[in-house]
Amino acid sequence: MKAGMHILLINPNTSQQTTALMLRQARACLPPGVLLHGATAERGAAMITDEAGLKIAEQEVLRLGLAFARGDDSQAGRAIIVAAFGNPGLELLRVALPQRVAAFGIGEAAMLQAARDEQGRPRRFGIATTTPGLEASIAASVAALGLTPWFCGTRIALGEPLALAADPALQCERLGDAVAQCVQSDGAQAVVIGGGPLSEAALWLAPRFQVPVLSPVVAAVQAALAGLALAVTH
């Protein structure tokens, strides 16, 4: 990996604590020479729980992403990660960014990774999350990626999203129940934890299951690193 590459992780939520959590997880995935930056939305929700929250976040993602792209010295590879599971503003950003700056969404990256095993073969995947207000949006994202034939549904953790967020141990337990439903009832061969703020739960839950349990933040970092490596070779 070429030195001096930059990745910006945009948190479309307004929570600085969530930004720090996701940056910590992303940083653990990075090779030497790749610099990670964080940016947090200044307006919107502290935790996006419905489609209205996604809509508000779009303009903040666009603003923060374009500011980062304008700082490009053209000598270093640059990538942007939109770190909310609904990928708010991702397509707007892709249209507006210069070609040399790539953008990745954590939801998109995790779904694409979940739908293929390490040999590239299709596999059934499910999503476990805490936000019932985003279930329709998740299904639409799956369809937009052409993954519906392999998608076995979303399971929602029992409890109110913000209450679960305030109790990380309970949130992990309830998400674990949702993952188990994906595997045992729906036949999922991989499960995505559906939410940037839930990414640490993914790392805690993964060893408890025989199928992959994917962190969307890790999936997006891996996608961004692959994209930067590809850009260097061309």
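Shown above is the structure to which this text applies.
Residues numbered from 1 in each chain as written. Predicted model: local features only at pLDDT ≥ 70, side-chain atom pairs only at ≥ 80, totals over all residues. Heavy atoms only, no water.

Trainee: Give a description of the nonpolar core that names residues and reports values.
Mentor: Judged by nonpolar contacts, the single largest core of 37 residues is most densely connected at Ile-7, Leu-9, Ile-81, Met-111, Phe-125, Ile-127 and Val-142. Not counting residues up to four positions away in its chain, the partners in contact with Val-142 are Met-111, Phe-125, Ile-127, Leu-147, Thr-148 and Phe-151. (Core = buried A, V, L, I, M, F, W, Y, C linked by side-chain atoms within 4.5 Å. Buried < 20%, exposed > 50% of the residue type's maximum accessible area, 1.4 Å probe, protein only. Contact = heavy atoms within 4.5 Å.)

Trainee: Now, about helix H2 (residues 51–70): what can you tell me, with residues and values included?
Mentor: Under the 1.5 Å per step criterion, the end-to-end length of H2 is 29 Å for 20 residues, consistent within 8% with the ideal 28 Å. Inspection of H2 places Gly-53, Leu-54, Ala-57, Glu-60, Val-61, Leu-62, Leu-64, Gly-65, Phe-68 and Ala-69 among the buried residues, and these make up the whole buried set. Lining the buried residues of H2 we find strand S1 (5–11), strand S2 (34–40), strand S3 (78–82), helix H3 (90–96), strand S4 (101–105) and helix H5 (135–144). For H2, the N-terminal capping position is held by Asp-50, with its side-chain oxygen 3.3 Å away from the main-chain nitrogen of Ala-52. (Helix = DSSP H or I, 4+ residues; strand = E, 2+ residues; numbered from the N terminus. Expected span 1.5 Å × (residues − 1). Polar contact = N/O pair within 3.5 Å; in protein donor to acceptor, adjacent residues only side chain to side chain.)

Trainee: Help me get a handle on the pattern of salt bridges, residues and values and all.
Mentor: Scanning the model with the defined rule gives 8 salt bridges in all. One salt bridge in this structure joins Glu-91 and Arg-94, with 3.1 Å as the shortest N-O distance. Within this pair, Glu-91 and its partner Arg-94 are both found in helix H3, separated by 3 residues, close to a single helical turn. Overall, the relative accessible area of 32% leaves Arg-94 in the partly exposed class. For the salt bridge of Arg-155 with Asp-186, the shortest nitrogen-to-oxygen distance reads 2.9 Å. Of this pair, Arg-155 sits in strand S6 (residues 151–156) while Asp-186 sits in the loop between helix H7 (168–184) and strand S7 (190–193), placing them 31 residues apart in sequence. Residue classification places Asp-186 among the buried positions, given a relative accessible area of 16%. One salt-bridge network, in which partners are shared between bridges, spans Glu-42, Glu-60 and Arg-63. (Salt bridge = Lys/Arg side-chain N within 4 Å of Asp/Glu carboxyl O.)

Trainee: Which residues make up the sheet that holds S3, and what values go with them?
Mentor: Taking strand neighbours across the sheet as the criterion, the 4 strands line up as S2-S1-S3-S4 in an open arrangement whose pairing is parallel. Two strands bound the open sheet, and with one partner strand each, they are S2 and S4. Here the average twist between neighbouring strands, direction ignored, is 20°. Of the strand pairs in this sheet, S3 and S4 are connected by 5 bridges, and their pairing is parallel. Bridging from a neighbouring strand, Arg-78 pairs with Val-101 of S4. Most of the contacts of H2 go to S1, to which it runs at about 165°, and overall it touches S1, S2, S3 and S4. (Pairing = 2+ DSSP bridges. Axes fitted to C-alpha atoms, helices over the stretch in contact; angles between N-to-C directions.)

Trainee: Tell me about the pairing of S7, and name the residues and values.
Mentor: Alternating residues of S7 divide into Ala-190 and Val-192 and Val-191 and Ile-193, and every residue in both groups is buried. The sheet contact formed by S7 and strand S8 (residues 213–214) spans 2 bridges and is parallel. Looking at S8, one finds that Val-191 is bridged to Val-213. Following the backbone out of S7, through helix H8 (residues 199–205) and into the adjacent parallel S8, one traces a crossover that is right-handed. (Right-handed = clockwise from strand over helix to strand, strands pointing away.)

Trainee: Any chance you could break down the packing of aromatic side chains for me, citing the residues and the numbers?
Mentor: Inspection of the entire model under this criterion finds 1 aromatic pair. Centre to centre, the rings of Phe-125 and Phe-151 are 5.3 Å apart; their planes meet at 40°, and the pair counts as tilted. Of this pair, Phe-125 sits in strand S5 (residues 125–129) while Phe-151 sits in strand S6; the two residues are 26 residues apart in sequence, bridging distant segments of the chain. Each member of the pair, Phe-125 as well as Phe-151, carries the same accessibility label: buried. One residue, Arg-78, lies across the ring of Phe-68, its end atom 4.6 Å from the ring centre. (Phe/Tyr/Trp six-rings, centres within 6.5 Å; stacked < 30°, edge-to-face > 60°. Lys NZ or Arg CZ within 6 Å of the ring centre and 35° of its normal.)

Geometric descriptors of this kind do not, in isolation, establish any biological role.
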